[in-house]
Amino acid sequence: MVGVAAGDSPKDGWSSRSAFILAAIGAAVGLGNIWRFPTLAGESGGGAFVIFYIACVFLLGLPLVLSEIFIGRAGQTDAVGSIRKVAEASNASPTWSVFGSVGAIAAFLILSFYSVVAGWVLYYAGVMGMDLIDAILSGDPFRGALAGESQEAIQGRMGDLFANPWLLLAMHFAFMGATLYIVAHGVGGGLEKAATWLMPAFFVLLVGITIYGAFVGNMGEAFAFLFTPDWSKLTPAVMNSALGQALFSLSLGVAGLITYGSYIREGSKLGSTSAAIAVADTSVALIAGLMIFPIVFAVGLDPAAGPTLVFQSLPFAFQSMPAGALIGFLFFLLILVAAITSSISLLEVPTAYGIGERGWGRRKSALIFGGGAFLIGIACLLGYNVWSDVRILGFWPLFAETDILDTVDGFTGKVMLPLVALLTSIFIGWKADRRLVEETTGLAGPMLGLWRFLIAWVCPIAVTIILVTGLFPSILGG
Ligand code: PFF
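Residues numbered from 1 in each chain as written. Predicted model: local features only at pLDDT ≥ 70, side-chain atom pairs only at ≥ 80, totals over all residues. Heavy atoms only, no water.

### Here we look at the site of the ligand
What counts here: Here a residue is considered near a molecule or strand provided that any single heavy atom belonging to it is located within 4 Å of it. Polar contacts here mean pairs of N or O atoms no more than 3.5 Å apart (in protein, one a potential hydrogen donor and the other a potential acceptor; neighbouring residues in sequence count only if both atoms are side-chain atoms). Calculation of accessible area relied on Shrake-Rupley with a 1.4 Å probe; when residues are assessed, cover is drawn exclusively from the protein chains displayed. Residue polarity follows a fixed list, in which Ala, Val, Leu, Ile, Met, Phe, Trp, Tyr, Cys and Pro are nonpolar, Asp, Glu, Lys and Arg are charged, and the others, Gly among them, are polar.
Residues in close proximity to the ligand total 14 residues, the closest being Ala28, Gly32, Tyr114, Phe248 and Val254. Within the backbone of leucine 31, an N or O atom sits 3.1 Å from an oxygen atom of the ligand. A distance of 3.0 Å separates a nitrogen atom of the ligand from a polar backbone atom of serine 249. Coverage of the ligand by the protein amounts to 100% of the 340 Å² it exposes when considered alone. A class-by-class count of the residues in the shell around the ligand yields seven nonpolar, seven polar and no charged.

### Observations regarding the pattern of salt bridges
To keep it simple, the criterion reads: Whenever Lys or Arg places a side-chain nitrogen within 4 Å of a carboxyl oxygen from Asp or Glu, that contact is recorded as a salt bridge. In DSSP terms, a helix is any run of H or I states spanning at least four residues, a strand is any run of E spanning at least two, and both are numbered starting from the N terminus. Remark: exposure states derive from per-residue accessible area (1.4 Å probe, protein chains only) relative to the maximum for the residue type, with buried under 20%, exposed over 50%, and partly exposed in between.
Tallied over the entire structure, the rule returns seven salt bridges. Notably, a salt bridge pairs aspartate 131 with arginine 143, separated by 3.2 Å at the nearest N-O pair. Placement of the pair is aspartate 131 in helix H5 (residues 98-137) and arginine 143 in the loop between H5 and helix H6 (151-162), with a sequence separation of twelve residues. Neither aspartate 131 nor arginine 143 differs from the other in exposure class; each is buried. Across the pair aspartate 134 and arginine 143 runs a salt bridge, and its minimum N-O distance is 3.1 Å. Using a relative accessible area of 44% as the deciding quantity, one classes aspartate 134 as partly exposed. You can call arginine 143 buried: its relative accessible area is 11%. Through salt bridges with shared partners, a single network forms among Asp131, Asp134 and Arg143.

### Considerations on helix H4 (residues 79-89)
So the rule is basically this: In this analysis, two residues are considered to be in contact whenever any of their non-hydrogen atoms come within 4.5 Å of each other.
Within H4, the full set of buried residues consists of Ala79, Val80, Gly81, Ser82, Ile83, Val86 and Ala87. Contacts from the buried residues of H4 go to helix H3 (47-75), H5, helix H11 (256-261), helix H14 (324-358), helix H16 (404-431) and helix H17 (434-441). In the stretch just after H4, asparagine 91 is the one whose phi turns positive, near 55 degrees.

### Focus on unusual backbone geometry
Phi at leucine 146 is positive, roughly 50 degrees, even though this residue is not glycine. When you line up the elements, leucine 146 lands in the loop between H5 and H6. Its identity as a non-glycine residue notwithstanding, serine 251 has a phi of 60 degrees, on the positive side.

### Re the packing of helix H8 (residues 187-216) against H14
The following threshold applies: Axis angles are defined between N-to-C directions and span 0 to 180 degrees, where every axis is a line fitted to C-alpha atoms and, for a helix, only to the segment in contact. In this scheme, roughly parallel covers angles under 35 degrees and roughly antiparallel covers those over 145, while 65 to 115 is roughly perpendicular and the rest are oblique. Each crossing gets its hand from how the near helix is turned against the far one by less than a right angle, where anticlockwise is left-handed and clockwise is right-handed.
Where H8 meets H14, the closest approach of the two axes is 9 Å, and the angle between their N-to-C directions is 150 degrees. Overall, the two elements H8 and H14 adopt an arrangement that is roughly antiparallel. The crossing of H8 and H14 is left-handed. Across the interface between the two elements, Val187, Leu191, Ala194, Leu198, Met199, Phe202, Leu205, Leu206, Ile209 and Tyr212 from H8 touch Gly324, Ile327, Leu330, Phe331, Leu334, Val337, Ala338, Ile340, Thr341, Ile344 and Glu348 from H14. Tallied by class, residues from the contact of H8 with H14 come to 18 nonpolar, two polar and one charged.

### Observations regarding the packing of aromatic side chains
Describing an aromatic ring pair means giving the distance of the ring centres and the angle of the ring planes. We apply this condition: Classification of ring pairs uses Phe, Tyr and Trp, with its six-membered ring standing for Trp, and accepts pairs whose centres are within 6.5 Å; under 30 degrees between planes counts as stacked, over 60 as edge-to-face, and the remaining range as tilted. Charge-over-ring contacts are defined here by two conditions on Lys NZ or Arg CZ: a distance within 6 Å of the ring centre and an angle within 35 degrees of the ring normal.
A complete count under the given rule lists 30 aromatic pairs for this structure. Ring centres of phenylalanine 37 and tyrosine 53 lie 5.1 Å apart, and the angle between their planes is 50 degrees; on these two criteria the pair is classed as tilted. One end of the pair, phenylalanine 37, is in helix H2 (residues 31-43); the other, tyrosine 53, is in helix H3, and 16 residues separate them in sequence. Classification of phenylalanine 37 by relative accessible area gives buried; the value is 0%. Ring geometry for phenylalanine 202 versus phenylalanine 203: centroids 5.4 Å apart, planes at 80 degrees, classification edge-to-face. According to the relative accessible area criterion, phenylalanine 202 is buried, its value standing at 0%. With a relative accessible area of 29%, phenylalanine 203 lands in the partly exposed category. Across the ring face of phenylalanine 248, the terminal group of arginine 36 is positioned such that the distance to the ring centre comes to 4.6 Å.

### Observations concerning the nonpolar core
In plain terms, the rule: For this analysis, a nonpolar core means a set of buried residues of the types Ala, Val, Leu, Ile, Met, Phe, Trp, Tyr and Cys, connected via side-chain atoms within 4.5 Å.
Core analysis: the largest hydrophobic core is formed by 168 residues, its most contacted members being Trp14, Trp120, Phe202, Phe331 and Phe332. In terms of residues, this core owes the most to one element, H5, which gives 20 residues. With near-sequence residues (within four places) excluded, phenylalanine 331 lies in contact with Ile209, Met291, Ile292, Val310, Leu314 and Phe318.

### Observations concerning the confidence of the model for the protein
The cut-off we apply is this: Every residue gets a pLDDT, meaning the predictor's confidence in that residue, from 0 to 100.
Predicted confidence across the protein gives a mean pLDDT of 92, with 97% of residues reaching 70 or more. Below a pLDDT of 50 lies the segment residues 1-10, which in the model reaches 17 contacts outside its immediate sequence neighbourhood of four places, other chains included.

Printed below as a string of structure tokens:
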């Protein structure tokens, strides 16, 4: 244990190595694992996507996780300041810190729509919670969910929510407010406390619902779907989305792990720490697949239903399952917990920037950036109703058809994250001082050589491919 001051002081940091690992896993595990991963795996035909995704995580994501944590650990301040310090110690230009600013802006933009989507989860948790109370009051707590509602009514709920800006706004407000509250309480008192309470609850729920799915669902079919590759389905577009998903899921390219790494006060086993984060994040994505698809197959739903799979299909599936009212509520609670431990990490990046680079107090900084992201989020949610015709990047063919939320999501995911990841790999692979890297990471021998090769060669080349194919899909013939 490292003795550090809590509260607002610059010394505020993680109380132990395991606290850091838990918080970093909390940041990585989020809507990306439980909503985006099953959606993409389902749309992309399963096995081949999943296996390629796992390869991306370990060949590309893991070296970048270690690089970001190294920068933070070495710099001990916000992302921009930390990159600048590493650059100075390596006789490289301080201009490299620009990629920290781009990352912080990306985190801020992602937070704006992440909170809106988490708001949908909050709404569904509320609907299922009220249904559970109803089940308990009616003396049948183990009945299926939403008893007596037609399939149209259940699936129509999403459209009704989207058509109601006030309801969307209320949910967005509540979620952003909770995020802001935790971040305002600092690293030890806010971020670490949230992670140490919420992550164990998350794992219990995840394992519990997966075991439930194994009993009532079709685990065999789900297993075959997720792990039997049909390589003909691995098109360039599918590879592109698997690579992008690996970055998003590991929270890479937004300087999040630089920021979290800067609160590590002692110790240098960064290699095994990074591996623990990557393994945990990937395991949760796979378990989420094994939680959702058995239920999807058991009731004959379409695994390729897209982003609405979780919101429209599963409540319907829970209707015909034993204890569906209870499990349905717990399911949305699980996603909510995962979302909040990620959204706090998103807000922490610009908040740390405000503290480190502008000299603001923590509360002021969190309020400015959380409030700003809240306002942009309002534009995103209005894009589903009153502003449904607005195309903010309509001049760009890639975004000509996308609503406001999808445009912010697409621009950050396809442009900003890969760009920051690319610059990170070039900076670490070619510029950073080797002695500083070895001392700070604690890596040596063949592992050090392997990491160097991956970060200096494999990452820049692969990430360039994501960036270019993401921006110019015509290259892929798409
Ligand atoms: N990794 C998160 C998820 O999978 O939901 C999303 C995310 C969180 C991205 C925090 C970036 C970040 F800094």
